[in-house]
Amino acid sequence: MSVQDFALAAEVAARRRWGATAALLALVVLLCVLSLGIGPVRLSPLAVIEALFGGGSDVAQVIVREIRLPRTILAFAIGGILGLSGAALQGLLRNPLASPSLFGAPQSAAFGAVLVIALGLADVRSYALPVVAIIAAFGSVFALLAIAGRNAGLLILILAGLAISSFAGAATALVMNLSSNPFVVLEIAFWLLGSLEDRSFQHVALALPFIIVGGAILLSQASAFRALTLGEEAAQSLGVDVGRLRLYVITGVALGVGGAVAVTGTIGFIGLVAPHLMRPPIGHDPARLLVPSALTGSALLLAADIAVRIIPSTSDIKVGVLTSIIGVPFFLYLIMRERRALGGGVA
Amino acid sequence: MTLLSAAALNVSLGSRKVLHDVSLSLAAGHLVALVGPNGAGKTTLLRALAGLIPSDGDIRIGGDALASLPLRERAKRFAYLPQGHMVHWPLPARDIVALGRYPHGATDPARLSPRDMEAVLRAMQAVDVTEFSDRRVTELSGGERSRVALARVLAVEAPVILADEPTASLDPRHQIDVMQKLRNVADTGVLVVVVTHDLGLAARFADHVLVLSEGRLAAQGAPDEALSEAVLASVFRVSAYRAEFQREAVIVPWADV
């Protein structure tokens, strides 16, 4: 074994990872084009690309650039930040079952947003909505990690997450319960299901800045997640400020999830599923999983949002409902797969 | 020559005072065994020395006050091996050892500088783990995993190694093997502090023994002084069978039942 063998082994592994990431990127681009083409008026991929760059008929241009582009951008960005948040939380907690939705972050963000809507504090399209949603999400993740403590086992994290998401759900129900206007209640109920329908560039402007900042914060911590593979103590001895890292992750997840929930309602389980799908091709290194998990999240939400437009039904299916319907069985499958570890070392 | 010293070290965890007025002075090139009954504060002392937990008192490393050093600088001076060789994700052994270069700015095992790569390779060769470089650590046996963990610590190339029970849960052959490897490292001029429950290993391999009892240093010195009949009786409540085998000291703890 020499330095050359070493470098070679590292290069082979890197090439495989790049291949997988490039394939994923191609898939995301394809799904974007499909998403722009599907709706009441179906457009071919060629027509979509033409319209996107200012060619084709005026009608096609309006449909693609003004109606479907914001929706597609949101699906891409929100799926991405959910996948990234899941991978980051799994890295921080060294636990493959960690995810924003299991910890009640989207539910808490939804509560914050519902509060704003119900109290009529602000217009649905004002920045108050994402800001309050972000604060609520921050509060929930912070509370979760504070309750669970350092080196918390899975059991504690899941139980605390269950408690927090139940509490956020109950608080949301209370707000709706107390609301005197039935139209507001109905609007909130539908909004909570999670949807990307009829979203405009105003919504994009509302969510995107927070998603970008949150995503950048999470990505900047990549190598610290890798050091955490050895546990908090060893990571600290390698020069990682674990306390600060936790705060960064909570902030990044809250910004991303809060911003996303404020414009789409709750969309669950993408953060849990995305990193899992990437472990076979990319490996278990939590730092390397971040970008592929974000791309997978984008692909999943784009695909789900295309699916709800294709599935024939009398009333439209909400994308958040679809991701949960698919996500929960996947979660059960994961529990089954991790059963042995769960039974043995929960503590 | 003193490399690491502590004066009037006091540590409290929550409301409980764990270490009382511990003062010590350790030299480069020594293998120091830190022994004591369960709950004596051994791990706490090791953590405090590495600056992983806050403490009152003056810890000095190579002439600098530990408190004045930033996290990254501490990480270069202390290589810390926690109990249990915990690895949370099934990474290849090579990537785990490469984490030892993290304090030197090499945070990505796929992009190591030639210097970092050589350090990783040296560390792996020193403890004989190059053959399972590509294997996932979670698939290795306990003995192999402990050697990978040791390689990770060696790769830091720090002047001080603090190892918390590196021989726990290993079979006798591997216990001796790990201690011998640490002995070799100490002989290259590194200060190695090892927490152990095995008084026999301490007597055989250590230059200097620290005996901790209820948060206080009960004795310290060369193995035969620090592990004297009186100390074993008062601290561990055991006596010992003592002998010499192949010109090395043998201690077998003994308690009447």
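Calculation criteria
- Residues numbered from 1 in each chain as written.
- Chains lettered and ligands numbered in written order.
- Predicted model: local features only at pLDDT ≥ 70, side-chain atom pairs only at ≥ 80, totals over all residues.
- Helix = DSSP H or I, 4+ residues; strand = E, 2+ residues; numbered from the N terminus.
- Rg over C-alpha atoms; globule rule 2.2 N^0.38 Å.
- Contact = placed C-beta atoms within 7 Å.
- Nonpolar A, V, L, I, M, F, W, Y, C, P; charged D, E, K, R; others polar.
- Axes fitted to C-alpha atoms, helices over the stretch in contact; angles between N-to-C directions.
- Parallel < 35°, antiparallel > 145°, perpendicular 65-115°, else oblique.
- Left-handed = near helix turned anticlockwise from the far one by under 90°.
- Pairing = 2+ DSSP bridges.
- Core = buried A, V, L, I, M, F, W, Y, C linked by C-beta atoms within 7 Å.
- Buried ≥ 20, exposed ≤ 12 C-beta atoms within 10 Å, placed from the backbone.
- Domains from an automatic or database assignment.
- pLDDT = per-residue confidence, 0-100.
- Expected span 1.5 Å × (residues − 1).

Moving on to the overall build of chain B. The number of helices and strands found in chain B is nine helices and twelve strands. In terms of overall dimensions, chain B is globule-like: its C-alpha atoms have a radius of gyration of 18 Å, near the 18 Å expected for 257 residues. For chain B, the spread of C-alpha atoms along the three principal axes comes to 55 × 45 × 35 Å. Considering only contacts in chain B between residues 6 or more positions apart, those separated by 24 or more positions represent 64%.

Within chain A, the regular secondary structure consists of 15 helices and zero strands. Computed over its C-alpha atoms, the radius of gyration of chain A comes to 21 Å, within 12% of the 20 Å expected for a compact globule of 347 residues. Each principal axis of the C-alpha distribution contributes one length, and for chain A these read about 65 × 50 × 35 Å. Taking as baseline every contact in chain A between residues at least 6 positions apart, the subset at least 24 positions apart corresponds to 79%.

Take the interface of chain A and chain B next. Taken together, the contact pairs 25 residues of chain A with 29 residues of chain B. Contributions of two or more residues to the side of chain A that touches chain B are made by helix H1 (3-37), helix H9 (222-227) and helix H10 (232-237) of chain A. The leading source of residues in the side of chain A that touches chain B is H1(A), at seven residues. Broken down by class, the residue content of the side of chain A that touches chain B amounts to 13 nonpolar, seven polar and five charged.

For any two helices packed against each other, one specifies the crossing angle of their axes together with the interaxial distance. All names here are of chain A. Two elements in contact, helix H3 (residues 58-93) and helix H13 (residues 290-310), have axes whose closest approach is 6 Å; the angle formed by their N-to-C orientations is 135 degrees. As far as their axial angle goes, H13 and H3 are oblique. As for how H3 packs across H13, the hand of that crossing is right-handed. Here H3 contributes Ala 75, Phe 76, Ile 78, Gly 79, Gly 80, Leu 82, Gly 83, Leu 84, Gly 86, Ala 87 and Ala 88 to the contact with H13, which in turn contributes Leu 290, Ser 293, Ala 294, Leu 295, Thr 296, Gly 297, Ser 298, Leu 300, Leu 301, Leu 302 and Asp 305.

The next thing to look at is the sheet that holds strand E5 (residues 64-65) of chain B. All names here are of chain B. The four strands are arranged E2-E1-E4-E5 in an open sheet whose pairing can be described as antiparallel. Two strands in the sheet have a free side with no partner beyond their single neighbour: strand E2 (16-27) and E5. Bridge count between strand E1 (residues 2-13) and strand E4 (residues 56-61): five bridges; the pairing is antiparallel. Within the sheet, the bridge partner assigned to Asn 10 lies in E4 and is Asp 56.

Residue and element names in this part refer to chain B. Relative to E5, E4 runs antiparallel, the two sharing two bridges. Residue pairing across strands places Arg 60 opposite Ala 65, the latter belonging to E5. Between E4 and E5, which follow one another and run antiparallel, lie two residues, and Gly 62 among them has a positive phi close to 55 degrees.

Another aspect to go through is the nonpolar core. Core analysis: the biggest nonpolar cluster contains 203 residues, and A:Ala113, B:Leu34, B:Leu162 and B:Val192 have the highest contact counts within it. With 16 residues, H3(A) is the largest single contributor of residues to this core. Looking at which domains feed residues into this core, each of domain 1 (2-62 + 159-254) and domain 2 (86-156) of chain B gives three or more. Those residues in contact with B:Leu162, other than ones at most four positions away along the chain, are B:Leu46, B:Leu49, B:Ala50, B:Phe78, B:Tyr80, B:Leu81 and B:Val193.

This part is about the environment of B:Leu3. Residues and elements named next belong to chain B. Looking at the secondary structure, you find Leu 3 in strand E1. Since 20 C-beta atoms lie within 10 Å of it, Leu 3 is described here as buried. Once the C-alpha coordinates of Leu 3 and His 104 are considered, the two residues, 101 residues apart in sequence, prove to be 21 Å apart. Contact partners of Leu 3, with chain neighbours within four places excluded, come to Leu 26, Ala 27, Ala 28, Gly 62, Pro 159, Val 160 and Leu 191.

Residues and elements named next belong to chain B. One can read the domain layout of chain B as domain 1 (2-62 + 159-254) and domain 2 (86-156). Contacts between the two partners involve ten residues from domain 1, matched on the other side by eight residues from domain 2. Every element with two or more residues in the side of domain 1 that touches domain 2 is listed here: strand E7 (160-164) and helix H6 (172-187). With four residues, the top contributor of residues to the side of domain 1 that touches domain 2 is H6. The residue makeup of the side of domain 1 that touches domain 2, split by class, is six nonpolar, two polar and two charged.

Across chain B, pLDDT averages 93, with 100% of residues at or above 70. With a pTM of 0.91, the predicted complex shows an ipTM of 0.92.

Before going further, it helps to examine unusual backbone geometry. With the exception of glycine, the majority of residues adopt a negative phi angle, and the majority of peptide bonds are in the trans configuration. Residues and elements named next belong to chain B. Even without a glycine there, the phi angle at Asp 128 is positive, about 65 degrees. For Asp 128, the position within the fold is in the loop between helix H4 (114-126) and helix H5 (142-155). Overall, the presence of 14 C-beta atoms within 10 Å leaves Asp 128 in the partly exposed class. In the Ramachandran plot, Glu 165 falls in the positive-phi region, its phi being about 50 degrees despite a non-glycine side chain.

All names here are of chain A. The end-to-end C-alpha distance of helix H8 (residues 201-220), which contains 20 residues, comes to 28 Å, matching closely the 28 Å that a straight helix rising 1.5 Å per residue would cover. Within H8 the residues assigned to the buried category are His 203, Leu 206, Ala 207, Phe 210, Ile 211, Gly 214, Gly 215, Ile 217 and Leu 218. The elements touched by buried residues of H8 are H3, helix H5 (128-148), helix H11 (242-264) and H13.

For the rest of this paragraph, the subject is the pairing of strand E6 (residues 78-81) of chain B. Residues and elements named next belong to chain B. In E6, alternate side chains face the same way, and those of Phe 78 and Tyr 80 on one face and Ala 79 and Leu 81 on the other are all buried. Here four bridges tie E6 to E7, and the two strands are oriented parallel to one another. Pairing of Leu 81 across the sheet is with Ala 163, part of E7.

Right, let's talk about the environment of B:Val148 for a bit. All names here are of chain B. As for its placement among the helices and strands, Val 148 is situated in helix H5. Classification of Val 148 by C-beta neighbours within 10 Å gives buried; the count is 25. Sequence spacing of Val 148 and Ala 123 is 25 residues, and the spatial spacing of their C-alpha atoms is 9.2 Å. Not counting chain neighbours up to four residues away, the residues in contact with Val 148 comprise Ala 93, Ile 96, Val 97, Val 129, Val 137 and Leu 140.

We now examine the packing of H3(A) against H8(A). All names here are of chain A. At their nearest, the axes of H3 and H8 sit 10 Å apart, and the two run at 25 degrees to each other. Considering the angle they form, H3 stands roughly parallel to H8. Judged by the twist between their axes, the crossing of H3 over H8 is left-handed. The residues of H8 that touch H3, namely those facing Pro 70, Ile 73, Leu 74, Ala 77, Ile 78, Ile 81, Leu 84, Ser 85 and Ala 88, are Phe 201, His 203, Val 204, Ala 207, Leu 208, Ile 211, Gly 214, Gly 215 and Leu 218. Partitioning the contact of H3 with H8 into residue classes produces 14 nonpolar, four polar and no charged.

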